[in-house]
Amino acid sequence: MDLFDLTGKVAIVTGAARGIGQGIAVELARAGADVVVSDVIPEEGTINKIEKLKRKAIYVKADISSKMEVENLIKETIKQFKKIDILVNNAGIFIAGNVSDLPEEKWEKTMDINLKGPFLCSQAALKYMKKGASIINISSVAGIEGSAGGAAYCASKGGIRLFTKALAAEVGPLGIRVNSIHPGLIDTPMTAAFTKDKKVLEGMMSKFLLKRVGKPVDIAGPAVFLASDASAYMTGSEIVVDGGWIAAL
Ligand code: NAD
């Protein structure tokens, strides 16, 4: 038996139009899963990449901060695939700003998407999840370490880290697992401001033990692991995937 095999599984990945979410969606499909690609923006090639792997994929537009749109996402998933085995709460935003002058709306928007979104998606998906199902929350190293200018983002990502553990405690007796992944700096549209500025990038990279920026596929591997039976005895746990950034600060 291949412990990593996801054949016959149905996965939902939020924020899967591009970036880390696209990387995760494609690798779940490569491992055998059919995938619901969800986002607020049109998908940027995710469906085509999955179909090339001979897996099924559908795109469902949903803003994860809206209960109504999340319920529609789950309804469409069930209509098409009849079940949900894997939920990857990946969609998120990064808004920088110091507490001293961060507008309240920016704080609320960050919490609505990064923290309430995974709550709404988990709540709606759990109605259809059975023993063996897996929820994966994409937090961040910013959910473990603080940084100046990162108050809202760090609070939301720290929140999702403990949401993971609390939900794991709630659904563990049902045989449903919940874990979090904590990426470091991954090259995606979200981090363009850091990765395109050579000086900023060099300063950050000097702290990475592996001396390179991560790629979406670097997060997808651990996601496949957490979705599969290879991690069958892991729940309420966290995996840091940061090239060794916070190991030796
Ligand atoms: P990205 O901006 O490339 O992708 C995020 C996706 O989420 C986008 O497609 C966006 O449209 C979608 N999204 C935003 N708001 C949404 C909403 N309300 N409803 C549904 N979808 C929405 O960023 P990424 O780097 O791929 O980030 C993916 C996740 O990884 C995020 O949760 C992010 O916080 C986390 N993360 C990223 C890094 C990094 O270095 N890139 C590091 C740590 C954590």
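Now for a look at the structure at hand.

Definitions and limits used
Residues numbered from 1 in each chain as written. Predicted model: local features only at pLDDT ≥ 70, side-chain atom pairs only at ≥ 80, totals over all residues. Heavy atoms only, no water. Helix = DSSP H or I, 4+ residues; strand = E, 2+ residues; numbered from the N terminus. Rg over C-alpha atoms; globule rule 2.2 N^0.38 Å. Buried < 20%, exposed > 50% of the residue type's maximum accessible area, 1.4 Å probe, protein only. Areas by Shrake-Rupley, 256 points an atom, 1.4 Å probe, with all protein chains shown as cover. Lys, Arg positive; Asp, Glu negative; His and termini not counted. Charge placed at Lys NZ, Arg CZ, Asp CG, Glu CD. Near = heavy atom within 4 Å. Polar contact = N/O pair within 3.5 Å; in protein donor to acceptor, adjacent residues only side chain to side chain. Nonpolar A, V, L, I, M, F, W, Y, C, P; charged D, E, K, R; others polar. Phe/Tyr/Trp six-rings, centres within 6.5 Å; stacked < 30°, edge-to-face > 60°. Pairing = 2+ DSSP bridges. Axes fitted to C-alpha atoms, helices over the stretch in contact; angles between N-to-C directions. Contact = heavy atoms within 4.5 Å. Parallel < 35°, antiparallel > 145°, perpendicular 65-115°, else oblique. Left-handed = near helix turned anticlockwise from the far one by under 90°.

### Here's the deal with the overall build of the protein chain
And then number 1: Looking only at helices and strands, one finds eight helices and seven strands in the protein chain.
And then number 2: Its C-alpha atoms give the protein chain a radius of gyration of 17 Å, near enough to 18 Å, the size a compact globule of 249 residues would have.
And then number 3: Overall, the C-alpha framework of the protein chain stretches about 50 × 35 × 35 Å when taken along its three principal axes.
And then number 4: Across the 249 residues that make up the protein chain, the buried fraction comes to 52%.
And then number 5: Total accessible area on the protein chain stands at roughly 11,800 Å², and carbon and sulfur atoms take up 57% of it.
And then number 6: Put simply, the protein chain has 31 plus and 27 minus side-chain charges, and the middle of one group is 4 Å from the middle of the other.

### Considering the site of the ligand
And then number 1: Not every one of the 28 residues close to the ligand is listed here, only the nearest: R18, D39, N90, Y153 and T188.
And then number 2: At 2.8 Å from an oxygen atom of the ligand is found a main-chain nitrogen or oxygen belonging to I20.
And then number 3: Measuring from an oxygen atom of the ligand, one finds a side-chain N or O atom of D39 at 2.6 Å.
And then number 4: For the ligand, whose free accessible area comes to 820 Å², the fraction covered by protein is 95%.
And then number 5: For the shell around the ligand, the secondary-structure elements that each account for two or more residues are α1 (19-30) and α5 (151-171).
And then number 6: For the shell around the ligand, a count of residues per class yields 15 nonpolar, nine polar and four charged.

### Description of the packing of aromatic side chains
And then number 1: Taken as a whole and judged by the stated rule, the model has four aromatic pairs.
And then number 2: Each member of the aromatic cluster is reached from another via a ring pair, and the members are F94, Y153 and F194.

### Focus on the sheet that holds strand β2 (residues 34-39)
And then number 1: Across the sheet, seven strands lie side by side as β3-β2-β1-β4-β5-β6-β7; this open sheet has parallel pairing. For this open sheet the edge positions go to β3 (57-61) and β7 (238-241), each flanked by a neighbour on one side alone. The mean angle between the axes of side-by-side strands here comes to 15 degrees, regardless of whether they run parallel or antiparallel.
And then number 2: The sheet contact formed by strand β6 (residues 177-183) and β7 spans four bridges and is parallel.

### Focus: the environment of K9
And then number 1: Within the secondary structure, K9 is located in the segment before β1 (10-14).
And then number 2: Expressed as a C-alpha distance, the spacing of K9 and V35, which sit 26 residues apart in the sequence, is 8.6 Å.
And then number 3: Ignoring any residue separated from it by four or fewer positions in sequence, one finds K9 in contact with A33, D34, K83, D85 and I86.

### What about the packing of helix α3 (residues 67-81) against helix α4 (residues 104-126)?
And then number 1: Two elements in contact, α3 and α4, have axes whose closest approach is 9 Å; the angle formed by their N-to-C orientations is 40 degrees. When the axes of α3 and α4 are compared, the pair comes out oblique. Between α3 and α4 lies a crossing of right-handed hand. Along its contact with α3, which presents K67, V70 and I74, the element α4 presents L120, C121, Q123, A124 and A125.
And then number 2: Taken together, the residues that form the contact of α3 with α4 break down as six nonpolar, one polar and one charged.

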